[in-house]
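Structural description and commentary
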Amino acid sequence: ETGVTQSPTHLIKTRGQQVTLRCSSQSGHNTVSWYQQALGQGPQFIFQYYREEENGRGNFPPRFSGLQFPNYSSELNVNALELDDSALYLCASSLGQGTDTQYFGPGTRLTVL
Amino acid sequence: RKEVEQDPGPFNVPEGATVAFNCTYSNSASQSFFWYRQDCRKEPKLLMSVYSSGNEDGRFTAQLNRASQYISLLIRDSKLSDSATYLCVVILKTGANNLFFGTGTRLTVIP
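It should be emphasised that the depicted structure is a prediction, and the values quoted were computed from it without experimental measurement. Here the residue numbering is sequential within each chain, running from 1 through the sequence in written order. Both sets of labels track the order of writing: A upward for chains, 1 upward for ligands. Totals for whole chains, interfaces and linings use every residue, but because this is a predicted model, local features are given only for residues with pLDDT of at least 70 and side-chain atom pairs only at 80 or more, for both listing and counting. Each side-chain value is derived from all of the structure's non-hydrogen atoms; neither hydrogens nor water enter the calculation.

Turning our attention to the pattern of salt bridges. Here a salt bridge means any side-chain nitrogen of Lys or Arg lying within 4 Å of a carboxyl oxygen belonging to Asp or Glu. The full count for this structure, using the stated rule, is eight salt bridges over all chains. With its nearest N and O atoms 3.5 Å apart, the salt bridge here joins E54(A) to R57(A). A salt bridge links R59(B) to D82(B), with the nearest nitrogen and oxygen atoms 2.8 Å apart. Here R59(B), found in the loop between strand 6 (55–57) and strand 7 (60–65), pairs with D82(B), found in the loop between strand 8 (70–75) and strand 9 (84–91); they are 23 residues apart in sequence, far enough to count as distant. Per-residue accessibility, obtained with a 1.4 Å probe over protein chains only, is compared with the maximum for each type, and a residue is labelled buried under 20%, exposed over 50%, and partly exposed between these values. Relative accessible area serves as the criterion here: at 22%, R59(B) is assigned to the partly exposed category. Runs of E in the DSSP output that reach at least two residues are strands. Runs of H or I that reach at least four are helices, and both are numbered from the N terminus.

The following block contains the structure:
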């Protein structure tokens, strides 16, 4: 096991609602990255947090936002949910930013109805 | 054009077979390369890093060809437990938003 945990494991929401997903990084890791994985696709990078600051962002709209806490755990918030937001949301922790090996949590499966 | 392209498969091979996957990347400035394995409805797990000199870990061999911009994964003596989706990962350069996953190649090893 990687030591990266995520909650909840599953979630069902309706269009227009807001959701918060949580991630606890592996001990000693100061960087958390969030990914969206739609069915049959590879993970798509949403953003990364390094020492509580956003450190880079993929091609996702502003309604996807995040936060990292002093203990390096992190939240992903999605506002105004759309049907296409249904996916597996993965967080990955690493010791540093950029090219460091990332270790994934088990993911949160979000279904938007 | 996608940063990383993989043949999605599926690859169905008998136990004991040798199977190879390729992954191509579009940006010649790419710096780091990895193969991840993802079991059904599970998270991706690092299988191995990929170096220009090639690297081997038991039955698995990874190669990088910078001139042709592709990476490969070779699995020898396939086991039933090798059935999974294999994702290649390319990092363009140091920086958070430069990490790209392929769509994955699905492998099923048949008894």
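What follows is about the pairing of strand 3 (residues 19–25) of chain B. Residues and elements named next belong to chain B. Where burial is concerned, the two faces of strand 3 differ: the one with V19, F21, C23 and Y25 is buried and the one with A20, N22 and T24 is not. The rule for pairing is simple: two strands pair if DSSP sees at least two bridges between them. Sheet analysis places strand 1 (residues 4–6) next to strand 3, joined by three bridges and oriented antiparallel. Paired with E5 across the two strands is T24, which belongs to strand 3. Bridging between strand 3 and strand 8 involves six bridges; their strand directions are antiparallel. Directly across from A20, in strand 8, lies its bridge partner L74.

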